[in-house]
Each structure stands twice: as structure tokens, then as C-alpha cells.
Amino acid sequence: MFSGVFSAGVVKKALDRGIVRMAVHDLRDFTADKHRQVDDRPFGGLEGMVLKPEPIFRAVEAVREEAGAKVYLLSPQGRTLDARLARELASETQVILICGRYEGVDERVAEHLADGEISIGDFVLSGGELAAAVVVDAAARFVPGVVGKEGSVRSDSFAGGILACPQYTRPREFRGLKVPPVLFSGDHKRIERWRRRKALEKTARQRPDLVEPGALSPEDRELLEETPHERKSS
Ligand SMILES: C[S@@+](CC[C@H](N)C(=O)[O-])C[C@H]1O[C@@H](n2cnc3c(N)ncnc32)[C@H](O)[C@@H]1O
């Protein structure tokens, strides 16, 4: 599952260049019985199977490179992944992500092994692998050198608290749809101001929670209030 996801793109390049390292471990390699069993029936008569604690504790103890390595369980019950968490993870030397399956993971892993639980949203996936890949991709983007131009990470949605500004490329006109003329003005100050205004407007429209009172600087608030009627024109 992981080799497919990381076989292309900026994270692959970062892995190839050694800027980020990633290792995938099979919990079955940390079992002690001949059937290499990683799951068992839950106590108390619930349906399904649950991942056993022993292989997970053993795996984490084996792959942990230093005592301070952060350990997270992927779980729909965890802290929801956002840019802030991705940036926090990017600043760690080693992060160990535990992927659940079946009905989940013995609760002792969350309570006594992991530093926390991470969710990628309020829905349930069949396993933690896709979620872990999302976490790795989002965090890796904040590791210096992974994304070619670091400025582009800083201007991405959420990095500065709001959504990114709209982008256009050639042609200047497509099926009668024109690129906003300000972008050809050559006036960089004006373009910057326009971009900021558009980003604020789109955030207010699509993610009003991000522009709630107190969330914006007085300059941004003023800029946003300047342009209530613009929508599809420049
Ligand atoms: C079918 S889910 C188990 C869900 C569990 N029974 C519950 O309701 O909380 C199996 C595994 O997928 C992963 N998973 C599912 N949804 C997730 C999400 N939204 N974010 C992160 N991991 C998730 C977790 O590792 C979980 O242990």
C-alpha cells in the first residue's frame, strides 16, 4: 500500500534524496507464535477482531531509535490531522505510526504506548495505512527541502491560517473565461494585495470558521470588508 502512494511526487523525491526516511514494518514479524497471529477476539462478546497488544509493543520497542521518538496510533478517535499537527510531526526526529485494522486495536496501546491518537477525519476507514500515508505526506511537506520552493508551502491553504489564493495559468482566455487582468499588470504590490483579498474572500465563503472575529489581523479584516460584491470578476 505504501510503495504505491510514495512511488511518485515530492515525497518520493525526498525519500530518494534521504531528506525524509520511511520504513514500513509488518506486525507479524513481531509475533512469537507459529501462526504469527496479530489479532484476537474481543473480550465481552463484541463482534470482529482486535489487534493484540504484544506484537505492537514489541514492534515499537524494536523500531524506536531514541527514547523520545513520538508514537501515534491512527484512529478515528484521535486528534484530527491539520496543518499545525503536520508541522509538529515534521519537527520530530522520528515518528512511529501504528496502523490499526479490523475492529481496532487493544486499548492498552492507546493508553500506555502511544503519545496520542491521530485521525484524518470523522469517518471510518478499513485500516490505518491510508491514514498513515496521508499523515506522512502532509508532515513531509513541512520538512525543509522536501517541497522545492519553501515559499509555496508557506502560501498553501491553512499554513497562514486561511485558504490559498486562486491560481491561473495559460491560456489567458478559455471558452470566454478570462484570467483576472490584474495578474498581467506587472504591479507586484497590487497583485499581492489582490491575491490576499481573493484568498480572504474565498476563505470567508468556503471556510467561515477560519475568519471568525479575532482570527484575522486588522489589515486582513479591512481588506476583506473592502470587497463584498466581487465574485466572478477580478
Ligand atoms: C475499521 S477501523 C476501526 C474503527 C473502530 N471500531 C472505531 O469505531 O473507532 C480500523 C482501523 O482503521 C484506522 N482508521 C479508521 N478510520 C480512521 C480515521 N478516520 N483516521 C485514522 N485512522 C483510521 C485505525 O487504525 C483503526 O484502528
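Residues numbered from 1 in each chain as written. Predicted model: local features only at pLDDT ≥ 70, side-chain atom pairs only at ≥ 80, totals over all residues. Heavy atoms only, no water.

With that settled, the discussion passes to the domain arrangement of the protein. Assigned domains within the protein: domain 1 (2–140) and domain 2 (161–226). Relative placement of domain 1 and domain 2: their C-alpha centres are 38 Å apart. (Domains from an automatic or database assignment.)

Turning our eyes to something else, we now look at the site of the ligand. The local shell around the ligand holds 20 residues, among which L74, Q77, G100, E103 and F123 are the closest. Side-chain polar atom of Q77 to an oxygen atom of the ligand: 2.8 Å apart, as the coordinates give it. Within the backbone of G128, an N or O atom sits 3.5 Å from an oxygen atom of the ligand. Contact with the protein chains hides 85% of the accessible area of the ligand, taken as 580 Å² for the molecule alone. In terms of residue count, strand β3 (residues 70–80) provides more of the shell around the ligand than any other element does, four residues in total. (Near = heavy atom within 4 Å. Polar contact = N/O pair within 3.5 Å; in protein donor to acceptor, adjacent residues only side chain to side chain. Areas by Shrake-Rupley, 256 points an atom, 1.4 Å probe, with all protein chains shown as cover. Helix = DSSP H or I, 4+ residues; strand = E, 2+ residues; numbered from the N terminus.)

Turning our eyes to something else, we now look at the environment of A139. Looking at the element boundaries, A139 is found in helix α6 (residues 128–140). With 58 residues separating them in the primary sequence, A139 and L81 have C-alpha atoms 9.8 Å apart.

Let us look at the sheet that holds strand β5 (residues 116–119). Strands sit in the order β4-β3-β5 across an open sheet of three strands; the sheet is parallel. Of all strands in the sheet, those with a lone pairing partner are β4 (95–98) and β5, marking the two edges. Direction aside, neighbouring strands of the sheet carry axes that sit 50 degrees apart on average. Note that β3 and β4 share four bridges and pair parallel. (Pairing = 2+ DSSP bridges. Axes fitted to C-alpha atoms, helices over the stretch in contact; angles between N-to-C directions.)

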